[in-house]
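Take a look at the letters that make up each chain.
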Amino acid sequence: PETPEPEKDKKSKVADALRFQLTPAEVKTHLDRYVIGQDEAKKTLAVAVCDHYNHVRAVHAAQGKGEAIDYVKQNVILIGPTGVGKTYLIRTVAQLVGVPFVKADITKFSETGYVGGDVDDLVRELVRMADGDVELAEYGIIFLDEIDKIASSGSMIGRDVSGRGVQTGLLKLLEQTEV
């Protein structure tokens, strides 16, 4: 049998992600198959995911026609104690949509990357998870875990070892900045 060309396979993964047309009820039903309980989180996440990827599809279609649609990506925050399934919910959504997923423990990052990783490592890992396909990585999901552990107090004197530089770097991912 003939093996598909790598470039064609890459394009089909992006096309699959852009064909996302599920409703929030369909996403929640899918999540119900894998996650017990957490109904409010599943409903909220299903609506956010559908809203985001349906907007992405519309923007991509408009760009193909030469039209311009302004869309600002959304960020979702999941709050809960350890072990309730936050990561599993997001990983399951990424599999459903067909996009790469990266989970990062933020406490292991530093501003410069000399000790631990730096914020740009997240984007590099997303591209790696997309098998080097930058376009597919653009539609991927980065899950920032333990974000509450790098909070800083504004009254510190001396060198900033609080993670504020990491926080600033993470804003690049959360805002509309090109990384």
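Here, every reference points to the structure presented above.
Basis of the calculations
- Residues numbered from 1 in each chain as written.
- Predicted model: local features only at pLDDT ≥ 70, side-chain atom pairs only at ≥ 80, totals over all residues.
- Heavy atoms only, no water.
- Phe/Tyr/Trp six-rings, centres within 6.5 Å; stacked < 30°, edge-to-face > 60°.
- Helix = DSSP H or I, 4+ residues; strand = E, 2+ residues; numbered from the N terminus.
- Core = buried A, V, L, I, M, F, W, Y, C linked by side-chain atoms within 4.5 Å.
- Buried < 20%, exposed > 50% of the residue type's maximum accessible area, 1.4 Å probe, protein only.
- Contact = heavy atoms within 4.5 Å.
- Axes fitted to C-alpha atoms, helices over the stretch in contact; angles between N-to-C directions.
- Parallel < 35°, antiparallel > 145°, perpendicular 65-115°, else oblique.
- Left-handed = near helix turned anticlockwise from the far one by under 90°.
- Nonpolar A, V, L, I, M, F, W, Y, C, P; charged D, E, K, R; others polar.

Draft legend 1. Summary view of the packing of aromatic side chains. Counting across every chain of the model gives 2 aromatic pairs. Between Phe 20 and Tyr 53, the ring centres sit 5.8 Å apart and the planes meet at 55°, which makes this aromatic pair tilted. With Phe 20 in the loop between α1 (6-18) and α2 (24-34) and Tyr 53 in helix α3 (residues 39-64), the pair connects residues that are 33 residues apart, well separated along the chain.

Draft legend 2. How the structure looks around the nonpolar core. Residues Tyr 53 and Ile 141 are the most contacted members of the largest nonpolar core, which totals 33 residues. Where this core is concerned, the elements lending two or more residues are α1, α2, α3, α4 (86-97), β1 (101-105), α5 (120-129), α6 (134-137) and β2 (141-145). Ranked by residues supplied to this core, first place goes to α3 with 7 residues. Tyr 53 has contacts with Phe 20, Val 97, Val 99, Tyr 139, Gly 140 and Ile 141, leaving out every residue within four places of it along the chain.

Draft legend 3. Inspection of the packing of α2 against α3 at higher detail. Closest axis-to-axis distance for the α2/α3 pair is 8 Å, and the angle between their directions is 135°. Considering the angle they form, α2 stands oblique to α3. By crossing handedness, the relation of α2 to α3 is classed as right-handed. Facing α2, whose interface residues are Pro 24, Val 27, Lys 28, Leu 31 and Asp 32, α3 presents Asp 39, Lys 42, Lys 43, Ala 46, Val 47 and Cys 50. For the contact of α2 with α3, the per-class residue count stands at 6 nonpolar, no polar and 5 charged.

Draft legend 4. Quick look at the environment of Cys 50. With respect to the helices and strands, Cys 50 occurs in helix α3. A relative accessible area of 3% places Cys 50 in the buried class. Not counting the four nearest positions on each side in its chain, Cys 50 is found in contact with Phe 20, Leu 22, Thr 23, Pro 24 and Val 27.

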